[in-house]
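Each chain, written out:
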Amino acid sequence: MTTQEIAAARAERWAARVALLSTGLLAGTFGYGAVNLVTAFHAVPLDVRLTFHSALMRVNGPVVQPAMAVAAAGSIALAALARGRARAAAVTAGVLVATSFLVTRFGNVPINARIRQWAVTAPPADHAEVLRRREAFNAVRTVTALVAFLLVTWIATRSRAGGRAGQNASAIGVSPLISS
């Protein structure tokens, strides 16, 4: 391997690591919300849900928005550095992360603003339908983030020939447990 090839392989490994960590955090965050928070929201009175939901949204913004940005940047960097099917998978992961962002920005965020108002006033007659729509948006962004994570996981753990004496290495620098 030339020095340039080694540098390119190193850059791809780092991009894979960043994309893997950030898409995993994003999928985990959305997954936790979809499974645990939604279930808890259904188990408490509406006023408790609205109060807690409002407080949760204040602390989520500084966490979720950077996670989405890093996941998108990591997926784009990985797409730029990878080749073949891995590149196509990284591009798809990037599109899925962007979809999660767009669903959040134009679906969840406007509803969250309404929920904050309801917490200090009163929910409208159609509040149950609005909350169902928010949960549907949350399900979409959870699935898109999870599939993005699975794609990046595939890229990061796929076996490929390389290195000295044909050793196998994954994109994150760990040999797979399964050998041929």
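Look up a bit, the structure's there.
What you are looking at is a predicted structure, and each value in this text was computed from that prediction instead of being measured. (Residues numbered from 1 in each chain as written. Predicted model: local features only at pLDDT ≥ 70, side-chain atom pairs only at ≥ 80, totals over all residues. Heavy atoms only, no water.)

### Observations regarding the pattern of salt bridges
Put simply, the rule is: The rule for a salt bridge is simple: a side-chain nitrogen of Lys or Arg has to be within 4 Å of a carboxyl oxygen of Asp or Glu. Secondary structure elements are taken from DSSP: a helix is a run of H or I of four residues or more, a strand is a run of E of two residues or more, and numbering for both begins at the N terminus. When a residue's accessible area, from a 1.4 Å probe over protein chains only, is under 20% of the maximum for its type it is buried; when over 50% it is exposed; and in between it is partly exposed.
All told, the structure shown has three salt bridges when counted by the stated rule. Glu 135 is the partner of Arg 49 in a salt bridge, and the nearest nitrogen-oxygen pair spans 3.4 Å. Residue Arg 49 is found in helix H2 (residues 46-81), and its partner Glu 135 is found in helix H4 (residues 127-157); the two are separated by 86 residues along the sequence. Under the relative-accessibility criterion, Arg 49 is labelled buried at 6%. A residue is classified by how much of its surface remains accessible, and Glu 135, at 19% relative accessible area, is buried.

### So, H2
For clarity, the threshold we go by: Take the number of residues in a helix, subtract one, and multiply by 1.5 Å to get its expected span. The bend reported for a residue corresponds to the angle between axes fitted to the seven residues ending at that residue and the seven starting there.
Between its first and last C-alpha, H2 extends 48 Å over 36 residues, near the 52 Å set by a 1.5 Å rise per residue. At Asn 60, H2 shows its largest bend, some 45 degrees, and a proline, Pro 62, comes one to four positions later.

### Things to note about the packing of aromatic side chains
For the record, the criterion: Here the aromatic set is Phe, Tyr and Trp, taking the six-membered ring for Trp, and pairing holds for ring centres within 6.5 Å; pairs whose planes are under 30 degrees apart are stacked, those over 60 apart are edge-to-face, and all others are tilted.
Applying the stated rule across the entire model yields one aromatic pair. With a centroid separation of 6.0 Å and 65 degrees between ring planes, the pair formed by Phe 41 and Phe 52 is classed as edge-to-face. Of the two residues, Phe 41 is situated in helix H1 (residues 3-43) and Phe 52 in helix H2; the sequence distance between them amounts to eleven residues. Relative accessible area serves as the criterion here: at 8%, Phe 41 is assigned to the buried category.

### Section: H1
Between the first and last C-alpha of H1 there are 59 Å, a value that for 41 residues agrees with the 60 Å anticipated at 1.5 Å per step. A bend of about 30 degrees at Gly 33 is the largest found in H1.

### Let's talk about a nonpolar patch on the surface
The line we're drawing: Like charges within 9 Å and nonpolar side chains (Val, Leu, Ile, Met, Phe, Trp, Tyr) within 5 Å are joined into patches, using only residues over 30% in relative accessible area that form no salt bridge. The method behind every accessible area is Shrake-Rupley, applied with a 1.4 Å probe, and residues are considered shielded solely by the protein chains displayed.
A contiguous nonpolar surface patch, about 320 Å² in accessible area, is contributed by Phe 101, Leu 102 and Phe 106. Assignment of secondary structure puts Leu 102 in helix H3 (residues 84-120). Residue Leu 102 is classed as partly exposed on the basis of its relative accessible area, which comes to 43%.

### Re the side chain of Thr 142
Going by this rule: Note on definitions: a residue-residue contact is assigned when non-hydrogen atoms from the two residues lie within 4.5 Å.
Here Thr 142 shows up in helix H4. Once residues lying within four places of it in the same chain are set aside, the contact partners of Thr 142 are Phe 30, Gly 31 and Ala 34.

### Examining the layout of surface pockets
How we decide: For each structure, a 1 Å grid was placed over the protein atoms alone; sets of points admitting a 1.4 Å probe that cannot get out are labelled cavities, open sets with protein on both sides within 12 Å along at least five of seven lines are labelled pockets, and lining residues have an atom within 4 Å of a point. Grid points are joined across faces, edges and corners, and a volume is the space filled by probe spheres set on the points.
Its boundaries defined by the atoms lining it, the second largest pocket holds a volume of some 450 Å³. Along the walls of the second largest pocket sit 26 residues, with Met 57, Asn 60, Asn 112, Arg 134 and Arg 141 positioned nearest its centre. Put simply, the parts of the chain that give the lining of the second largest pocket at least two residues each are H1, H2, H3 and H4.

### Examining the packing of H1 against H2
Rules: Axis geometry follows a simple rule: fit a line to the C-alpha atoms, using only the stretch in contact for helices, then measure angles between N-to-C directions, giving values from 0 to 180 degrees. Any angle between 65 and 115 degrees counts as roughly perpendicular, while under 35 counts as roughly parallel, over 145 as roughly antiparallel, and the rest as oblique. Left-handed describes a crossing whose near helix is turned anticlockwise from the far helix by less than a right angle; the clockwise case is right-handed.
Interhelical geometry of H1 versus H2 gives an angle of 155 degrees and a closest axis separation of 8 Å. What the angle tells us is that H1 and H2 run roughly antiparallel. Crossing hand, H1 versus H2: left-handed.

### Observations concerning the side chain of Arg 134
Which entries qualify depends on this criterion: Charge convention: Lys and Arg are scored as positive, Asp and Glu as negative, and His as well as the terminal groups of each chain are ignored.
Within the secondary structure, Arg 134 sits in helix H4. One buried charged residue, Arg 134, forms no salt bridge at all, with the nearest opposite charge on Glu 135 at 7.1 Å. In this structure, Arg 134 is in contact with His 53, Met 57, Asn 108, Ile 111, Asn 112, Ile 115 and Arg 141, ignoring residues within four places of it in sequence.

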